[in-house]
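Examination of the molecular architecture
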Protein chains: 2
Amino acid sequence: MAPFLSKRDLQFQLYEVLDTASLPSRPRFAEHSREVYDDVLTLAYNVADKYFANHAREADLNEPHIVDGKVQLVPGVQAAVNAFRDAGFFSAHHDEALGGLQLPWVVLQAVQAHFQAANVGSSGYAFLTIGNANLQREFASGVQQAKYMMPMLEGRWFGTMALSEPHAGSGLADITTSATPRDDGQYNISGSKMWISGGEHELSENIVHLVLARIKGAPAGVKGISLFIVPRYRVGEDGSVGEPNNVVLAGLNHKMGYRGTTNTLLNFGEGGETVGELVGEVGRGLAYMFRMMNEARIGVGMGAVMLGYAGYLASLEYARDRKQGRHASNKDPLSGMVSIIEHADVKRLLLRQKSIVEGGLALGLYASAIVDDIQTGPEDQKADNELLLDLLTPLVKSWPSKYSQEALSDAIQVMGGAGYTRDYPVEMYYRDNRLNPIHEGTEGIQGNDLLGRKLSQAGGRGWQVLLDKMKADLTASEGLDGLRAALRTAIDECQSAFQTILGKAPQLGPDVFLANANSALEILGHTVIGWMWLRQAAAAARALPGARGDDADFYRGKIQAAHFFAVYELPKVKWQADLLASADTTTHDMQGAWF
Amino acid sequence: MAPFLSKRDLQFQLYEVLDTASLPSRPRFAEHSREVYDDVLTLAYNVADKYFANHAREADLNEPHIVDGKVQLVPGVQAAVNAFRDAGFFSAHHDEALGGLQLPWVVLQAVQAHFQAANVGSSGYAFLTIGNANLQREFASGVQQAKYMMPMLEGRWFGTMALSEPHAGSGLADITTSATPRDDGQYNISGSKMWISGGEHELSENIVHLVLARIKGAPAGVKGISLFIVPRYRVGEDGSVGEPNNVVLAGLNHKMGYRGTTNTLLNFGEGGETVGELVGEVGRGLAYMFRMMNEARIGVGMGAVMLGYAGYLASLEYARDRKQGRHASNKDPLSGMVSIIEHADVKRLLLRQKSIVEGGLALGLYASAIVDDIQTGPEDQKADNELLLDLLTPLVKSWPSKYSQEALSDAIQVMGGAGYTRDYPVEMYYRDNRLNPIHEGTEGIQGNDLLGRKLSQAGGRGWQVLLDKMKADLTASEGLDGLRAALRTAIDECQSAFQTILGKAPQLGPDVFLANANSALEILGHTVIGWMWLRQAAAAARALPGARGDDADFYRGKIQAAHFFAVYELPKVKWQADLLASADTTTHDMQGAWF
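Values in this document were obtained by computation on a predicted structure and should not be read as measured data. (Residues numbered from 1 in each chain as written. Chains lettered and ligands numbered in written order. Predicted model: local features only at pLDDT ≥ 70, side-chain atom pairs only at ≥ 80, totals over all residues.)

The secondary structure content of chain A amounts to 18 helices and 12 strands. A compact globule built from 595 residues should have a C-alpha radius of gyration of about 25 Å, and chain A, at 24 Å, falls within 12% of that. Dimensions of chain A, computed from the C-alpha atoms along their principal axes, are close to 80 × 60 × 60 Å. Taken across its 595 residues, chain A has 59% of its residues classed as buried. (Helix = DSSP H or I, 4+ residues; strand = E, 2+ residues; numbered from the N terminus. Rg over C-alpha atoms; globule rule 2.2 N^0.38 Å. Buried ≥ 20, exposed ≤ 12 C-beta atoms within 10 Å, placed from the backbone.)

A separate point is the interface of chain A and chain B. At the junction of the two partners, chain A supplies 75 residues and chain B supplies 75 residues. Among the residues forming the side of chain A that touches chain B, the class breakdown is 32 nonpolar, 26 polar and 17 charged. (Contact = placed C-beta atoms within 7 Å. Nonpolar A, V, L, I, M, F, W, Y, C, P; charged D, E, K, R; others polar.)

Let's shift gears to the confidence of the model for chain A. Per-residue pLDDT for chain A averages 97, and the proportion of residues at 70 or more is 100%. Overall fold confidence for the complex sits at a pTM of 0.98, while the interface term, ipTM, reaches 0.98. (pLDDT = per-residue confidence, 0-100.)

Turning to the relation of the copies chain A and chain B, a few remarks are in order. Between the two copies, chain A and chain B, the superposition gives an RMSD of 0.0 Å; the rotation angle is 180° and the shift along the axis is 0.0 Å. The symmetry that links the two subunits is that of a two-fold axis. Scanning chain A for the C-alpha nearest the rotation axis identifies Lys572 of chain A, at a separation of 3.6 Å. Same-surface contact between copies: 100% of interface residues of chain A are shared with the interface of chain B. (Least-squares fit on C-alpha atoms with pLDDT ≥ 70 in both.)

Before going further, it helps to examine the pairing of strand β6 (residues 206–215) of chain A. Residues and elements named next belong to chain A. Counting buried residues along β6, 9 of its 10 residues qualify, which places the element largely inside the surrounding structure. Bridge count between strand β3 (residues 157–162) and β6: 6 bridges; the pairing is parallel. Looking at β6, one finds that Phe158 is bridged to Ile207. Of the pairings in the sheet, the one linking strand β4 (residues 178–181) to β6 comprises 2 bridges and is parallel in character. In the sheet register, Ser178 faces β6, and the bridge partner there is Arg214. Judged from the 7 bridges that link them, β6 and strand β7 (residues 225–231) form a sheet pairing that is antiparallel. Paired with His209 across the two strands is Val230, which belongs to β7. (Pairing = 2+ DSSP bridges.)

As a further point, take the packing of helix α5 (residues 105–118) of chain B against helix α9 (residues 344–376) of chain B. Residues and elements named next belong to chain B. Put simply, α5 and α9 touch, their axes get as near as 7 Å, and they point 145° apart. On α9, the residues that touch Trp105, Val106, Gln109 and Ala110 of α5 are Gly364, Leu365, Ser368, Ala369, Val371 and Asp372. Residue composition of the contact of α5 with α9, grouped by class: 6 nonpolar, 3 polar and 1 charged. (Axes fitted to C-alpha atoms, helices over the stretch in contact; angles between N-to-C directions.)

Residue and element names in this part refer to chain A. Packing of helix α14 (residues 481–513) against helix α17 (residues 572–582) leaves a shortest axis separation of 8 Å and a crossing angle of 10°. With respect to α17, the element α14 is oriented roughly parallel. Contacts from Ala490, Glu493, Cys494, Ser496, Ala497, Thr500 and Ile501 in α14 reach Val573, Lys574, Ala577, Leu580 and Ala581 in α17. Of the residues assigned to the contact of α14 with α17, the class counts are 8 nonpolar, 2 polar and 2 charged. (Parallel < 35°, antiparallel > 145°, perpendicular 65-115°, else oblique.)

With that settled, the discussion passes to the domain arrangement of chain A. All names here are of chain A. What the domain assignment reports for chain A is domain 1 (7–153), domain 2 (158–283) and domain 3 (288–304 + 359–413 + 434–589). Between domain 1 and domain 3, the residue contacts involve 25 residues of the former and 23 residues of the latter. Put simply, the parts of the chain that give the side of domain 1 that touches domain 3 at least two residues each are α1 (7–17), α5 (105–118) and α6 (120–139). If one sorts the elements of the side of domain 1 that touches domain 3 by residue count, α6 sits on top with 8 residues. In the side of domain 1 that touches domain 3, the residues fall into 13 nonpolar, 7 polar and 5 charged. (Domains from an automatic or database assignment.)

Excluding glycine, most residues fall at negative phi; most peptide bonds, likewise, are trans. The residue Asn246 of chain A is not glycine, and still its phi comes out positive at about 60°. With a phi close to 60°, Glu440 of chain B is a non-glycine residue in the positive phi region. As for its position among the elements, Glu440 of chain B is in the loop between α11 (426–433) and α12 (443–454).

Moving on, we get to the UniProt feature "domain: Acyl-CoA dehydrogenase/oxidase C-terminal" (unreviewed entry) in chain A. UniProt feature "domain: Acyl-CoA dehydrogenase/oxidase C-terminal" (unreviewed entry): in the numbering of this structure it lies at residues 283–450 of chain A. Taken end to end, residues 283–450 of chain A is 71% helix and 0% strand, and its two terminal C-alpha atoms sit 25 Å from one another. (UniProt positions renumbered as here; feature names shortened; annotations may be inferred.)

What follows covers helix α7 (residues 142–153) of chain B. Residue and element names in this part refer to chain B. Along its 12 residues, α7 runs just 14 Å from first to last C-alpha, ending more than 12% under the 16 Å computed at 1.5 Å per residue. By the burial criterion, the buried members of α7 are Lys147, Tyr148, Met149, Pro151, Met152 and Leu153. Packed against the buried residues of α7 are α6 (120–139), β3 (157–162), β6 (206–215), β7 (225–231) and β8 (233–235). Of the residues flanking the end of α7, it is Gly155, one or two places downstream, whose phi is positive at about 75°. (Expected span 1.5 Å × (residues − 1).)

Residue and element names in this part refer to chain B. Positionally, Arg488 belongs in helix α14 (residues 481–513). Given 16 C-beta atoms within 10 Å, Arg488 falls into the partly exposed group. A C-alpha to C-alpha distance of 41 Å links Arg488 and Ala133, two positions 355 residues apart in sequence.

The nonpolar side chains of soluble globular proteins are, as a tendency, buried together. Within the largest apolar cluster, 403 residues are counted, with the highest numbers of intra-cluster contacts made by Leu212, Phe228 and Tyr309 of chain A together with Leu212, Phe228 and Tyr309 of chain B. Leave out the neighbours within four places in its chain, and Phe228 of chain B touches Ala179, Tyr187, Ile189, Val211, Ala213, Gly276, Glu277, Leu278 and Val279 of chain B. (Core = buried A, V, L, I, M, F, W, Y, C linked by C-beta atoms within 7 Å.)

Looking at the secondary structure, you find Asp345 of chain B in helix α9. Between the C-alpha atom of Asp345 of chain B and that of Gly364 of chain B, which follows or precedes it by 19 residues, the distance is 28 Å. Those residues in contact with Asp345 of chain B, other than ones at most four positions away along the chain, are Gly444, Gly447, Ala517 and Asn518 of chain A.

Consecutive side chains along a regular strand alternate between the two faces of the sheet. Residues and elements named next belong to chain B. By the criterion of burial, strand β5 (residues 187–197) is predominantly enclosed, with 9 of the 11 residues buried. Sheet analysis places strand β4 (residues 178–181) next to β5, joined by 4 bridges and oriented antiparallel. Bridge pairing links Pro181 to Tyr187 in β5. Between β4 and β5, which pair antiparallel and follow one another directly, the connecting turn spans 5 residues, one of which, Gly185, has a positive phi of 90°. Sheet topology note: the β5/strand β12 (residues 275–279) ladder contains 2 bridges and is antiparallel.

In structure tokens, the structure reads:
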């Protein structure tokens, strides 16, 4: 069985591309050191290997089902979340005063990457809980935090985000779940929520749902939406878990993949009152939720990266072991067969995977490091960093979701018929990852977010920050001329296309302006990944002269993969940039009746 | 439930793009008429709808398994193949003297398209049988045909093709299954065959395996391979089914999709003698098999088209029904939600699917019509048509296999979370179709076949024939200037790239020459599909002035989809043509140790 993660690459990304080892110079991380981070990563690897990887296939083959009204999961899930809890990962990034280690966000993401790679389904329960608690930490009252968040930091209670409704999946403006004020200051919640991951299970003592709902009389649209804490079991003043809160499991969704995470339809206020507590201010629900959503979007992107990465490693091991055929130049049928990794087309499929998953990992960790910079970095860069993170978020979410799927298809292709069977994990990863372009904001939503909002946010300041950073790296790196030229071209094509389409926007009107928003996502996604590859290649080129053996091979592989991305992927930017700039109306003009 | 096939488009393709209605002017089809063909298509639709579509999901959920040594399938499969048999489709294209209807190949493909769309798994048994019988019809002796082929034409016996072996999936030169001459003129077959679809089941009275094996003392490599008929049960001189022939089911493969078709590991000569009959001449096995393989490759391509098409129709119906969100220009939350088909990005996803599946269908039927032209068309064009078909075959096989997968991903994306669940069929089609780029020659093999063999075959005559035909359609069509310009550019880019790389081939050597063979497949595939769209758009433009209502909408949709392909797909040719012409060595130079 191939490893689910490359420890060597993770070290490279954290310490040679990013400057994670310098974080302990910041006051919040003063107790840390690279050794502390490496110990945490080793712990993560061991827990993921022993308690998560062990039942990934079993959970896939035995999807959650209901017996006597209770959700049944394979036993490994409980052991996994317990081990995750015992390792302290539910609270690792929180303040020491809350029992945490004050771990930097980038290290926490690197920790989580292990669990996503080893078993994305079982990791879902933990990550939703962490995200939910983070939202509470920022917006819930002290009393609410003590009551609901603290048991989650201890890993005793789990959490969800409950946004979508059956009649309005992505259309949050149209949700109808209602909240009726009670005499005790709380609210009666009534309605249905669809696609709720981790919505029901017996893994934890309680489940804390963060529910979007409208208080009676609230205005239509997003301004009428408030956020509520709705526990599965009501909670006493002393924090004790009490009677059921009438959150009724109305059904489980049967998914193609990602089957270890229950996905539910929940009814609130059915057969009795469902009581919820308002979080923060009335009408600010969606804004609060976006705190969790943006974090979840980075998490989805990282999950996609790690599924793709695990598939790459599996197909790589297979390609080294499996012998078949000969070089095209060898016509002697009596000569021995070669490992398929020697065939150019197999190398193409492996290089493509490598360029996608290692590029995606670089981006996910880069974005995570910005979270740390916002929280603990120089104060005078905070506003720029927030805008940069806002701009990158749709890319971090959507690019790996889409391209890891292509990488996983390449992994299957490397392995041929074997890859199409349950004898190997790649077909499972392929089914798992197909969810990622859908949940936490579809690709369409990410495209509209990028072109319609983020590129022009704050007068285009975030875009300017990104441009400056990319151009600085273009000039900083020596050698690697081909890479720099290819990236410079892609940057120029993006810049020109964005300038053109944003300039035309007022005349075009919103519908035509956004008709090719997907192309904006595509071209900037590829360009940013190209930038991530220049950064990796530059780090590898610096290290190569002093490297020997496996290390030298590793760095040569990085440089070759960077060239691959420049030659086989970056040229895809031009035509889509041209399309975007042209404001083509082919899709807009198409009529429903013509299909 | 959405229809699995568009009758309107099939009519358009057969009678408005192709000239199928003129086939009855050929002597072999003299008894036919358009009405005959339409009756056959109606019969196919009804049988596919009633007996195939009904258990597609059930067969997916209950994959073949072994009980008491016998393969268990869901009951619907037996009813389906019986209905297919009763409709006469096993022999429909054969001579009247053999009980057939002498149906043209293009009509037979249109018939088969119904079954592929309705239930690709159950259709596999029938199609393998038809292909097997076709090979026998061409290369087996009269005695063999009477003994083995005739029961297959009657649908009583089924057939397989047994090429791959566990140690050599695609590497047929290295197969080791042996054939030892017996005193009775037959051979004892010994060895293992892997990935054998339809290799074992209880659906038919007998199973006729076409097995590649080496006669003791044969030379190494492909020249030492002969072809054998190996029945599951031995057959008496009177055609009676006798004792088992010791073809032992060693295991079933557990696939991600396409689960209705059993896929087996078979051992020959285990626990007793397995007797086989030589087909044709010694050492010609692979050449004979390619008769069936080439037919199977077109069948795989058509199967991929139809899976993609069924997914398109399912997502189209969903997009019309499902209401969510508003136009970007409408900020009024009190206004009603619109059908998602009105969102530009959903129209993009639907147009992409339409352009892929209808383009792929046009290509599959075009290639099928060439088969008819070879068999019953003008004798002086036969050699050119054979070369043209040879050249198109890798494209017909690989392009829809790859792009239907992207179309099916788009279908899932249109439907969001719903598309990711078993509540709709698209996730199943997505899993089913992922086999198509693998079996009957992987994408890598198709690329090598195209660039390494077909483009330069007969001094490049096939390529010249294709160029002439494409250029003739460029000048024949009036209007549609944008389409013609886009296609002309793509043709020029292909022509230039092929000329350059073929010219460099001698200096490059086979390994570097073929390193980017995949790009040859990609650029010519897209260009040929672009040509198919010009042909469809031209037919639609001719018909539009006289059309009303639904018909007019249909033709407008064709023209719009052609424009979509020209604007959103054909521009992808250029960078890959440049890559191919550059003879880039990035993949070739990559070392296994660097990964």
